[in-house]
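What follows is each chain in one-letter form.
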Amino acid sequence: MPYTSVMSFPKGFFWGAATASYQVEGGIENCDWAEAAREGRVPVCGAACEHYARYESDFDIAKSLGHNCHRLSVEWARIEPEEGKFDAKEIEHYRKVLMALRARGLEPFVTVWHFTLPLWFARTGGFERKDAPEIFARYCGHVARELGDLCAHFATMNEAMPFSSNGWRRGTWAPFKSWPGIEMALSGVPGSMPDMKKDTSFRNIYLYFRVIKNLIAAHNAAYREMKRAQPSLDVGLVHQVILFHDDGRLKHRVLAAVLNWHWTHYFMSRVAKQCDSIGVNYYLHKKFGDTRQYSKTDMNWDIYPEGIEEALVMLKRYGKPLYVSEAGIADEKDVNRASYIRELVYAMERARERGADLRGYMYWSLLDNYEWSHGFDKRFGLVAIDYATQTRTIRQSAYDYARLIKEKST
Ligand code: BGC
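Calculation rules
- Residues numbered from 1 in each chain as written.
- Predicted model: local features only at pLDDT ≥ 70, side-chain atom pairs only at ≥ 80, totals over all residues.
- Heavy atoms only, no water.
- Near = heavy atom within 4 Å.
- Polar contact = N/O pair within 3.5 Å; in protein donor to acceptor, adjacent residues only side chain to side chain.
- Areas by Shrake-Rupley, 256 points an atom, 1.4 Å probe, with all protein chains shown as cover.
- Nonpolar A, V, L, I, M, F, W, Y, C, P; charged D, E, K, R; others polar.
- Buried < 20%, exposed > 50% of the residue type's maximum accessible area, 1.4 Å probe, protein only.
- Helix = DSSP H or I, 4+ residues; strand = E, 2+ residues; numbered from the N terminus.
- Pairing = 2+ DSSP bridges.
- Axes fitted to C-alpha atoms, helices over the stretch in contact; angles between N-to-C directions.
- Left-handed = near helix turned anticlockwise from the far one by under 90°.
- Contact = heavy atoms within 4.5 Å.
- 1 Å grid on protein atoms, 1.4 Å probe; cavity = no way out; pocket = protein on both sides within 12 Å on 5 of 7 lines; lining within 4 Å.
- Points joined across faces, edges and corners; volume = space filled by probe spheres on them.

Residues and numbers for the site of the ligand, please.
Around the ligand, 14 residues are found, and the nearest of them are Gln 23, Asn 158, Glu 159, Glu 326 and Glu 371. Note that an oxygen atom of the ligand is positioned 2.9 Å from one of the side-chain N or O atoms of His 114. The separation between an oxygen atom of the ligand and a polar side-chain atom of Glu 371 is 2.6 Å. Out of a free accessible area of 310 Å², the ligand has 96% covered by protein chains. Grouping the amino acids of the shell around the ligand by side-chain chemistry returns six nonpolar, five polar and three charged.

Here you go:
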């Protein structure tokens with residue numbers, strides 16, 4: 001029997017969808033991912049969804065679907081194209097974007113950095129650099145000073161753990177560094193990536209931990225800098241929970257606990273004090289000892305929306321307001337998306353009932369977009385994009401989500 005919910009979300013709960021600059025804007029050539037595409041390591045992003053020019057009509061769609069918030073990121077390589085030099089024109093662009101959201105009654109949630117690095121930073125070592133925390137904090141402080149009057153909610157960074165793990169352990173994302181034998185060791189772990197040219201060495205084990213340490217310091221320094229710029233801002237970060245759980249057998253319980261510690265609590269316990277709120281992204285779970293056959297998304301990930309309940313409860317211990325900053329499904333045929341969203345929302349209600357202070361949900365993603373090393377084939381959007389013509393088509397599931405928002409807001 002599927003769970004049916006009777007409780008409502010409180011007034012003022014945020015409902016919307018999310019995007020990220022590199023994945024939708026188009027025309028960003030001075031970052032590490034664009035360079036990796038030029039080297040033939042990842043698909044070319046090019047014009048993407050041309051959202052840089054089309055943001056107003058895209059926000060019209062979000063508004064028409066009953067959203068009252070929107071999560072986006074600003075592009076570091078646009079704002080700081082050279083070390084220490086900030087581009088006033090690009091700030092002006094993002095000010096217009098934020099004003100366009102506000103004019104439509106969509107509360108902005110801005111992520112200051114979502115994976116892609118300016119070339120000058122990536123080429124000089126990126127987050128391996130000793131002074132990376134100060135460099136990052138300087139950039140975040142600038143964004144807070146320039147945009148903080150138009151946006152109340154900021155996340156310094158998106159998903160430090162997948163960024164480090166894919167970049168310095170699996171080698172499937174820039175800068176493509178991997179550990180010897182890692183694919184075999186992680187073969188049971190969800191979220192495998194396509195095969196690609198990698199730089200494999202034992203030194204990357206050290207670099208992986210160094211990058212995580214630097215990201216922790218970078219967030220903490222950026223938080224202080226942003227609060228100095230605008231003390232009233234809500235500043236947090238976005239963490240992706242992979243839910244490791246088990247069938248109750250002792251060895252599986254221990255395994256799940258160790259992996260949850262490694263993936264979530266090691267990082268979160270070192271940054272949570274410097275967070276006014278926490279964004280939670282949820283896509284993946286791994287249940288040890290589980291023999292159930294799951295239906296799969298187009299990413300070949302288990303369809304397991306109910307896992308978001310435990311993911312949220314897991315973060316309750318940090319005592320901060322929570323936002324689901326991403327959760328969604330790649331589903332080109334749009335056959336599973338509506339029920340996936342509904343099950344997610346029911347599970348969020350159960351998490352709220354269990355004390356998680358959840359304040360909003362942003363579906364990933366508003367638009368089909370560039371899915372990193374998979375390119376444009378994987379379609380997460382509430383809105384389908386025809387990349388040849390840039391035509392937008394609202395999927396049926398987007399209307400179902402709109403109905404659900406209405407149902408849950410009254
Ligand atoms: C990232 C997005 C990505 C999505 C789906 C999240 O980890 O923040 O950029 O597109 O997952 O893979």
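Provide a residue-level description of the pairing of strand E7 (residues 234–246), including the pertinent values.
Among the 13 residues that make up E7, twelve are buried, leaving the element largely enclosed by the rest of the structure. Where E7 meets strand E8 (residues 278–288), ten bridges bridge the pair, whose relative direction is parallel. Within E8, the position partnered with Leu 237 by the bridge is Ile 278.

So what's going on with the packing of helix H10 (residues 203–229) against helix H11 (residues 250–271)? Which residues, and what values?
The N-to-C vectors of H10 and H11 enclose an angle of 35°; their axes lie 9 Å apart at closest approach. Once H10 is placed against H11, the crossing between them reads as right-handed. Residue-level contacts link Tyr 208, Phe 209, Ile 212, Ile 216, His 219 and Asn 220 of H10 to His 262, Tyr 266, Phe 267, Arg 270 and Val 271 of H11. Each residue belonging to the contact of H10 with H11 can be placed in one class, and the counts come to seven nonpolar, three polar and one charged.

Kindly report on the pairing of strand E11 (residues 383–386), identifying the contributing residues and their values.
Of the pairings in the sheet, the one linking E11 to strand E12 (residues 391–394) comprises four bridges and is antiparallel in character. Opposite Asp 386, over in E12, you have Thr 391 as the bridge partner. Between E11 and E12, which follow one another and run antiparallel, lie four residues, and Gln 390 among them has a positive phi close to 60°.

Requested: an account of empty space enclosed by the protein, with residues and values cited.
Summed over all chains, the structure comprises two cavities of 30 Å³ or more. There is about 140 Å³ of room inside the largest cavity. Considering the residues around the largest cavity, the lining is formed by 17 residues, among which Phe 109, Ala 155, Val 238, Gly 279 and Tyr 323 are closest to the centre. With four residues, E7 is the largest single contributor of residues to the lining of the largest cavity. Partitioning the lining of the largest cavity into residue classes produces nine nonpolar, six polar and two charged. Counted as a void, the second largest cavity has a volume near 70 Å³. Around the second largest cavity, the lining comprises 13 residues; the ones closest to its centre are Glu 25, His 51, Leu 72, Ser 73 and Tyr 94.

By themselves, these figures tell us nothing about what the structure is for.
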